Amino acid sequence: MKTINLPHYRLIRTAVFVWMTLVLLGAFLLQIPRINILEHTARNLYFHVPMWFTMMAATFVSAYHSLQYLRTNQPVRDVRAREAAVLAVTFGILGLVTGSVWAHYTWYQGTDLWWNFDPKQSMAAVQVLIYGAYFVLRSAIDDLEKRGRIAAVYNVFAIVTVPFLLYVLPRQMESLHPGAEGNPAFSDITHPIMRLVFYPAVIGFIGLFWVLYTQRVRAALLHRHVDGLYDEL
Amino acid sequence: MLSILQQATPDTTQAATAYDSVWTNPELPTQAASGLEAVMLSQDKLYVVLAVVLIIWFGLLFFVLRTDRKLDRLERKIADEN
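Structural notes, computed from the coordinates. From a predicted model like this one, the values you see are computed outputs, not experimental measurements.

1. Considerations on the nonpolar core
Next up, step 1: Grouped together as the largest cluster of nonpolar side chains are 66 residues, with contacts concentrated most on Tyr46, Phe47, Phe91, Tyr131 and Phe205 of chain A together with Ile56 of chain B.
Next up, step 2: Secondary structure elements with two or more residues in this core: helix 1 (6-29), helix 2 (48-72), helix 3 (75-105), helix 4 (119-140), helix 5 (144-172) and helix 7 (192-226) of chain A together with helix 2 (35-81) of chain B.
Next up, step 3: Not counting chain neighbours up to four residues away, the residues in contact with tyrosine 46 of chain A comprise Ala27, Ile32, Ile193, Met194, Val197, Phe198, Ala201 and Phe205 of chain A.

Here it is as structure tokens:
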């Protein structure tokens, strides 16, 4: 059974843990400019926004392996595509929930609202549903090879929607998110000290995705091995 | 004909926006918040950041525990076979 390069995995895992610890320290200890209404919640930039970057990275990893599955028909590619999609949905849900909490205490302060159909929110929710449908599709097909192929084709279509739903379309509409019509973009308004934490946070969360994803792939490959499936991986 | 229609359906587009283009509540509330709201808004809203970090922490913990359960099942299966 072909598995993961373990020394390589352990090295990156440890690096990610140390890196994320530093990100957390930086996120809370560095002074940031205070802006009315936002106040300290501006620090959520380091946590809420990387969720979406991580989801995008996960969907790209997933689509890459789906393409490779269609090309080579290796079952390991199907396993990798599925596990990356599981993490894409997980980070997507975390992004939605954290965004909702943040908005409730800033945009919607003084109201009972948690959700007001901001274009970016709505499209992000649609994006998570598109990836949710990937698992519904998988569970509907019993034959392993057929399931892998059909799911891979769907996954390649799903990745095409990602840049539009998360990036292009929300910027065409009026939204409270930065970069939208009528709002300055991230690059125009973000203080250098916040970039110092934000970019490492994006890298750190993507690293965290990679660690969790690799763990899942290891478990899934072992599972297939125990079941006597695809020993020729 | 057109004027009748217009009378029948008054223009309400000013009253509502199709989606989130304006701050829901441009005036900050004058009365003090209470309960959970008051806690979350205290310390310049630092607890909102705590809430967000905890959501991510518990979300990832939940994920790790699921992977853990998967490994447990595998271990039991291997133990049964031997």
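Having seen the structure, we can now continue with the description.
2. Description of the interface of chain A and chain B
Next up, step 1: In this assembly, 50 residues from chain A lie in contact with 36 residues from chain B.
Next up, step 2: Note on chain A versus chain B: buried area summed over both sides is about 4,000 Å², and carbon and sulfur give 71% of it.
Next up, step 3: Per-residue buried area on chain A facing chain B is highest for Tyr105, Gln109 and Arg216 of chain A; these three make up 18% of the total on that side.
Next up, step 4: In this assembly, chain A and chain B are joined by six residue pairs in polar contact (both at pLDDT 80 or more).
Next up, step 5: Residue assignment for the side of chain A that touches chain B shows that the elements contributing at least two residues are helix 3 and helix 7 of chain A.

3. Notes on the packing of aromatic side chains
Ring pairs (aromatic) are described by centroid distance and by the angle formed between their planes.
Residues and elements named next belong to chain A.
Next up, step 1: As enumerated under the stated definition, the model contains 10 aromatic pairs over all chains in all.
Next up, step 2: Seen in terms of ring centroids, tryptophan 107 and tyrosine 108 are 6.0 Å apart; in terms of plane orientation they differ by 75°. Their pairing is edge-to-face. Pair check on accessibility: tryptophan 107 and tyrosine 108 agree, each one buried.
Next up, step 3: Grouped by ring-pair contacts, the aromatic residues Phe28, Tyr46 and Phe47 constitute a single cluster.

Reading the values: the criteria
- Residues numbered from 1 in each chain as written.
- Chains lettered and ligands numbered in written order.
- Predicted model: local features only at pLDDT ≥ 70, side-chain atom pairs only at ≥ 80, totals over all residues.
- Heavy atoms only, no water.
- Core = buried A, V, L, I, M, F, W, Y, C linked by side-chain atoms within 4.5 Å.
- Buried < 20%, exposed > 50% of the residue type's maximum accessible area, 1.4 Å probe, protein only.
- Helix = DSSP H or I, 4+ residues; strand = E, 2+ residues; numbered from the N terminus.
- Contact = heavy atoms within 4.5 Å.
- Buried area = accessible area lost by both parts, 1.4 Å probe.
- Polar contact = N/O pair within 3.5 Å; in protein donor to acceptor, adjacent residues only side chain to side chain.
- Phe/Tyr/Trp six-rings, centres within 6.5 Å; stacked < 30°, edge-to-face > 60°.

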